[in-house]
Amino acid sequence: MDTSQLLKGVLDLAVLAVLRKDDGYGYDVVRRLRAGGLNEVGDASVYGTLRRLYNAGMLTSYVVPSEEGPHRKYYSINETGRARLAESRETWRSFASTLDGLLEEVAA
């Protein structure tokens, strides 16, 4: 099954979840998502999601100078983002439970 369409639908939730514990810059978020099992996530998709979440007021950002190249823009989740994460977590759990039930019916 091609998971790219599924990933598009849950990338906002995944990025917010990754940022709930520690702030991160773009490629750091990509690495953490991949380490968490989302191996197919694309760099451009994550960068676009970070910008969209920031523009929607769910993330804040700050710049940290780097001695090894350009400055890094870090993102952190704010209260609006935490509220969206909690809401999306419940929506996901409900949806996953419903789909699990449907799949069990098919297997029976």
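Residues numbered from 1 in each chain as written. Predicted model: local features only at pLDDT ≥ 70, side-chain atom pairs only at ≥ 80, totals over all residues. Heavy atoms only, no water.

Per an unreviewed UniProt entry, the chain goes by PadR family transcriptional regulator and derives from Lentzea cavernae.

J.: For this particular structure, what's the right way to read helix H3 (residues 43–55)?
T.: The periodicity of an α-helix, 3.6 residues per turn, causes residues three or four positions apart to be oriented the same way. Given a rise of 1.5 Å per residue, 13 residues ought to cover 18 Å, and the 18 Å separating the end C-alpha atoms of H3 matches this to within 8%. Within H3 the residues assigned to the buried category are Val 46, Gly 48, Thr 49, Leu 50 and Leu 53. The secondary structure elements touched by the buried residues of H3 are helix H1 (4–19), helix H2 (26–35), strand E2 (59–64) and strand E3 (72–77). Downstream of H3 by one or two residues, Gly 57 has phi in the positive range, about 85°. (Helix = DSSP H or I, 4+ residues; strand = E, 2+ residues; numbered from the N terminus. Expected span 1.5 Å × (residues − 1). Buried < 20%, exposed > 50% of the residue type's maximum accessible area, 1.4 Å probe, protein only. Contact = heavy atoms within 4.5 Å.)

J.: Even after reading the chapter, I still don't get the nonpolar core, so can you show me in this structure?
T.: Most often, soluble globular proteins have nonpolar side chains that are buried together. Judged by nonpolar contacts, the single largest core of 20 residues is most densely connected at Val 15, Leu 19, Leu 33 and Leu 59. For this core, the secondary-structure elements that each account for two or more residues are H1, H2, H3 and E3. Of the residues forming this core, the biggest block, 8 residues, is contributed by H1. Leaving out residues up to four positions away in the same chain, Val 15 has contacts with Val 29, Leu 33, Thr 49, Leu 50 and Leu 53. (Core = buried A, V, L, I, M, F, W, Y, C linked by side-chain atoms within 4.5 Å.)

J.: Can you walk me through the sheet that holds E2 in this structure?
T.: Adjacent strands of a sheet form backbone hydrogen bonds with each other and so pair up, either parallel or antiparallel. Ordered in space as E1-E3-E2, the 3 strands form an open sheet in which the pairing is antiparallel. On the outer flanks of this sheet lie strand E1 (24–25) and E2, each paired with one strand and no other. Where E2 lies against E3, 6 bridges are found, and the strand directions are antiparallel. Looking across to E3, one finds that Tyr 62 is bridged to Tyr 74. Relative to E3, H1 is tilted by about 95°, and along the sheet it contacts E1, E2 and E3. (Pairing = 2+ DSSP bridges. Axes fitted to C-alpha atoms, helices over the stretch in contact; angles between N-to-C directions.)

J.: Just to check I follow, could you spell out the UniProt feature "domain: Transcription regulator PadR N-terminal" (unreviewed entry) in the chain for this structure?
T.: UniProt tags residues 15–87 as "domain: Transcription regulator PadR N-terminal" (unreviewed entry). The straight-line gap between the two end C-alpha atoms of residues 15–87 is 14 Å; of that span, 51% is helix and 19% is strand. (UniProt positions renumbered as here; feature names shortened; annotations may be inferred.)

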